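A structural walkthrough
These are the residues of each chain, in order.
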Amino acid sequence: AQSVTQPDIHITVSEGASLELRCNYSYGATPYLFWYVQSPGQGLQLLLKYFSGDTLVQGIKGFEAEFKRSQSSFNLRKPSVHWSDAAEYFCAVDEGKSTFGDGTTLTVKP
Amino acid sequence: DAMVIQNPRYQVTQFGKPVTLSCSQTLNHNVMYWYQQKSSQAPKLLFHYYDKDFNNEADTPDNFQSRRPNTSFCFLDIRSPGLGDAAMYLCATSRGLAGGDNEQFFGPGTRLTVL
């Protein structure tokens, strides 16, 4: 069965610093991978997705993620974090059904 | 803009009193999903419709039911809400279930409080 692990429950970074959120998946084939962001009391917004092709994918709000098959990882990155990026981030894998990681809460220090 | 709409955004009900949550979409997507999300947890899939075909997750309690009268609307019925059913309920849609069609579009959610 597919599974997703987000090792970091909570991350704090300073505004302007770089960010990397980790995501590891377990799935037999090449999965469909997604990163979503959720602000408090809101639904999930898609940041980016990977289906095939170029392993470095660009998303909205300046985010990018890199698919590494050898490491079964799909880590999310942003070179310079803004205070408005503070939110919950979910990695998901999908093959007919979405499985979400438990999420990483991002706090941004001024 | 095409979107997924959930009504109401906040719903308060009493223990054991049936409640219905509503989701509508203007995307004309084939698949509609209902997720339950408790505080600080990942969304948990309850069930989904592919067109008129209903697919229930194995661990979804019988207390939760769903209806999809047409392509645009899908309802979540909780027959006898318990305190443990207080959560955010998220509706999502997708064009299909596989390949590039499985990208999901989420509504803003309905926050259910059970008194």
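In case you missed it, the structure is sitting above this.
So, here's what we can say about the structure. Residue positions are given per chain, counted from 1 along the sequence in the order it is written. Starting at A for chains and at 1 for ligands, labels are handed out in the order in which the entities are written. Only residues with pLDDT of at least 70 are given local features in this predicted model, and only at 80 or more are side-chain atom pairs given and counted; all residues enter the totals for whole chains, interfaces and linings. Neither water nor hydrogens contribute to the side-chain values; these are computed over all heavy atoms in the structure.

1. Notes on the packing of aromatic side chains
Residue and element names in this part refer to chain A. Basically, it comes down to this: Aromatic pairing here means that ring centres of Phe, Tyr or Trp (its six-membered ring) are within 6.5 Å. Orientation follows from the plane angle: under 30 degrees is stacked, over 60 is edge-to-face, and everything else is tilted. Secondary structure elements are defined from DSSP: runs of H or I of at least 4 residues count as helices, runs of E of at least 2 residues count as strands, and each element is numbered from the N terminus. The classification of residues rests on relative accessible area computed with a 1.4 Å probe and restricted to protein chains. Under 20% of the type maximum is buried, over 50% is exposed, and intermediate values are partly exposed.
Applying the stated criterion across every chain yields a total of 18 aromatic pairs over all chains. Relative to F100, the ring of Y36 has its centre 5.8 Å away and its plane inclined at 45°; by these criteria the two rings are tilted. Here Y36, found in strand β5 (residues 32–38), pairs with F100, found in strand β11 (residues 98–100); they are 64 residues apart in sequence, far enough to count as distant. Here Y36 and F100 have matching classes, each one buried.

2. Regarding the environment of T110 of chain B
Residues and elements named next belong to chain B. What counts, and what does not: Whether two residues touch is decided by their heavy atoms; if any such pair falls within 4.5 Å, the residues are in contact. Polar contact criterion, stated in full: a pair of N or O atoms within 3.5 Å, where within protein one must be able to donate a hydrogen and the other to accept it, and residues adjacent in sequence count only if both atoms are side-chain atoms.
Summarising the element assignment, T110 is placed in strand β11 (residues 110–114). In this structure T110 touches Q6, N7, P8, R9, Y10, Q11, L21, A87, M88 and Y89, once residues within four positions along its chain are discounted. Separated by 2.5 Å, the side chain of T110 and the backbone oxygen of P8 make a polar contact.

3. Concerning the interface of chain B and chain A
To be explicit about the condition: Two parts lose some accessible area (1.4 Å probe) when they are put together, and adding that loss for both gives the buried area. The working definition used for a salt bridge is a side-chain nitrogen of Lys or Arg within 4 Å of a carboxyl oxygen of Asp or Glu.
Each partner contributes to the interface: chain B provides 20 residues, whereas chain A provides 19 residues. A combined buried area of about 1,600 Å² lies between chain B and chain A, and 51% of that area is made up of carbon and sulfur atoms. For the pair chain B and chain A, the number of links is one salt bridge. A salt bridge links E103 of chain B to K49 of chain A, with the shortest nitrogen-to-oxygen separation between them at 2.3 Å.

4. As for the state of the cysteines
Residues and elements named next belong to chain B. Keep this limit in mind: By definition, disulfides here are pairs of cysteine sulfur atoms that lie within 2.5 Å.
Tallying each qualifying case throughout the model produces two disulfides over all chains. Each sulfur of the disulfide joining C23 and C91 lies 1.9 Å from the other. Handedness of the C23-C91 disulfide follows from its S-S torsion of about -70°: it is left-handed. Here C23 is found in strand β3 (residues 19–25), whereas its partner C91 is found in strand β9 (residues 87–94), with 68 residues between them in sequence. The class for C91 is buried, based on a relative accessible area of 0%. C74 carries a free sulfur, and the closest cysteine sulfur to it, the one in C91, is 6.1 Å from it. Here C74 falls in the buried class, since its relative accessible area comes to 0%.

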